[in-house]
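# Working through the structure, step by step
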Amino acid sequence: MTDRITLTGLRVRGHHGVFEHEKRDGQDFLVDITAWLDLGPAAASDDLTRTLHYGELAELAAGIVAGKPYDLIESVAGRIADEVMADERLTAVEVTVHKPSAPIPLTFADVSVTIHRTRS
């Protein structure tokens, strides 16, 4: 499947990390999601119900990032991917969670984890 919807740079405050100060103080996370599905029915009908509503996709991801604290961004990305794949129309999803303020005592631009799920 080559059709896809991509959401890039969703910024959400969350409280994820292995250190107590990360859970207490929180930090901004960025989320990118690419969802693969057949967009032919939506394109032909111009009907929102025939596609993945990207506003609802953003709300779903934001709710997970802003919700329950996890130690690992791997867990955050995996939870988002699993929830998105609950939509039976999708053939695959890729979720990247960026942690640009990770507690690393060196100069760096970004730390991210990418999870890819495919329907069997």
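Our subject is the structure listed above.
Predicted model, so just to flag it, every value in this text is computed and none were measured.

### Things to note about helix H4 (residues 73-84)
The terminal C-alpha atoms of H4, which comprises twelve residues, lie 16 Å apart, in line with the 16 Å expected from a rise of 1.5 Å per residue. Buried within H4 we find Ile73, Val76, Ala77, Gly78, Ile80, Ala81 and Val84. Where H4 is buried, its residues touch strand S2 (27-37), helix H3 (54-66), strand S3 (90-98) and strand S4 (112-118).

### Examining the layout of surface pockets
Each pocket or cavity is described by its volume, and for the largest pocket that value is around 160 Å³. Secondary structure elements with two or more residues in the lining of the largest pocket: H3 and H4. Per element, the largest residue contribution to the lining of the largest pocket is three residues, and it comes from H3. Split by residue class, the lining of the largest pocket holds five nonpolar, three polar and four charged.

### Quick notes on the pairing of S3
Along S3, seven of the nine residues are buried, which leaves the element largely enclosed by surrounding structure. In this structure, S2 lies alongside S3, joined through eight bridges in antiparallel fashion. Counted as the bridge partner of Asp32 is Thr96 from S3. The sheet contact formed by S3 and S4 spans seven bridges and is antiparallel. Bridging across to S4, Glu94 finds its partner in His116.

### Examining the nonpolar core
Leu10, Val31, Ile33, Ile80, Val95 and Val97 are the most contacted members of the largest nonpolar core, which has 31 residues in total. For this core, the secondary structure elements donating two or more residues are strand S1 (4-14), S2, H3, H4, S3 and S4. Ignoring any residue separated from it by four or fewer positions in sequence, one finds Leu10 in contact with Phe29, Leu30, Val31, Ala58, Ala61 and Ala62.

### Some details on the pattern of salt bridges
This model, assessed by the stated rule, comprises eight salt bridges. Several salt bridges converge on common partners, so that one network encompasses Arg11, Arg13 and Asp28.

### Overview of the environment of Glu59
In this fold, Glu59 is placed in helix H3. Relative accessible area serves as the criterion here: at 59%, Glu59 is assigned to the exposed category. Sequence spacing of Glu59 and Leu10 is 49 residues, and the spatial spacing of their C-alpha atoms is 9.7 Å.

### Things to note about a nonpolar patch on the surface
The grouping of Val18, Phe19 and Leu72 at the surface amounts to a nonpolar patch, some 270 Å² of accessible area in total. Tracing the backbone shows Phe19 in the loop between S1 and helix H1 (20-25).

### Focus on H3
An ideal rise of 1.5 Å per residue puts 18 Å on 13 residues; H3 measures up with 18 Å between its terminal C-alpha atoms. Of all the residues in H3, the buried ones are Leu57, Ala58, Ala61, Ala62, Ile64 and Val65. Taken around the axis of H3, the buried residues stretch over an arc of 160°, which confines them to a single face. In H3, the exposed positions angled more than 90 degrees off the buried face are occupied by Glu56 and Glu59. Buried residues along H3 sit in contact with S1, S2 and H4.

What counts, and where the lines are drawn
Here, residues in each chain are numbered from 1, in the same order as that chain's written sequence. For this predicted model, a pLDDT threshold of at least 70 governs which residues receive local features, and a threshold of 80 or more governs which side-chain atom pairs are given and counted, while totals over whole chains, interfaces and linings are taken from all residues. Each side-chain value is worked out from all heavy atoms of the structure, with water and hydrogens disregarded. Only runs of H or I of at least four residues qualify as helices and only runs of E of at least two qualify as strands under DSSP, and these elements are numbered from the N terminus. Each residue after the first adds 1.5 Å to the expected span of a helix. Only protein chains enter the area calculation, which uses a 1.4 Å probe; residues under 20% of their type maximum are buried, those over 50% are exposed, and those in between are partly exposed. Working rule for contacts: check all heavy atoms of both residues, and any pair within 4.5 Å makes them a contact. Computed over the protein atoms alone on a 1 Å grid, cavities are sets of points where a 1.4 Å probe fits but cannot get out and pockets are open sets with protein on both sides within 12 Å along at least five of seven lines; a residue lines them when it has an atom within 4 Å of a point. Grid points are joined across faces, edges and corners, and a volume is the space filled by probe spheres set on the points. Gly falls in the polar group here, along with every residue not listed as nonpolar (Ala, Val, Leu, Ile, Met, Phe, Trp, Tyr, Cys, Pro) or charged (Asp, Glu, Lys, Arg). Strands qualify as paired when DSSP identifies two bridges or more between them. For this analysis, a nonpolar core means a set of buried residues of the types Ala, Val, Leu, Ile, Met, Phe, Trp, Tyr and Cys, connected via side-chain atoms within 4.5 Å. We define a salt bridge as a side-chain nitrogen of Lys or Arg found within 4 Å of a carboxyl oxygen belonging to Asp or Glu. Surface patches are drawn from residues lacking salt bridges whose relative accessible area is over 30%; two like charges belong together within 9 Å, two nonpolar side chains (Val, Leu, Ile, Met, Phe, Trp, Tyr) within 5 Å. Note on areas: these come from Shrake-Rupley sampling with a 1.4 Å probe, and a residue is covered only by the protein chains present in the view. Here, the arc refers to the directions that run from the helix axis to the C-beta atoms.

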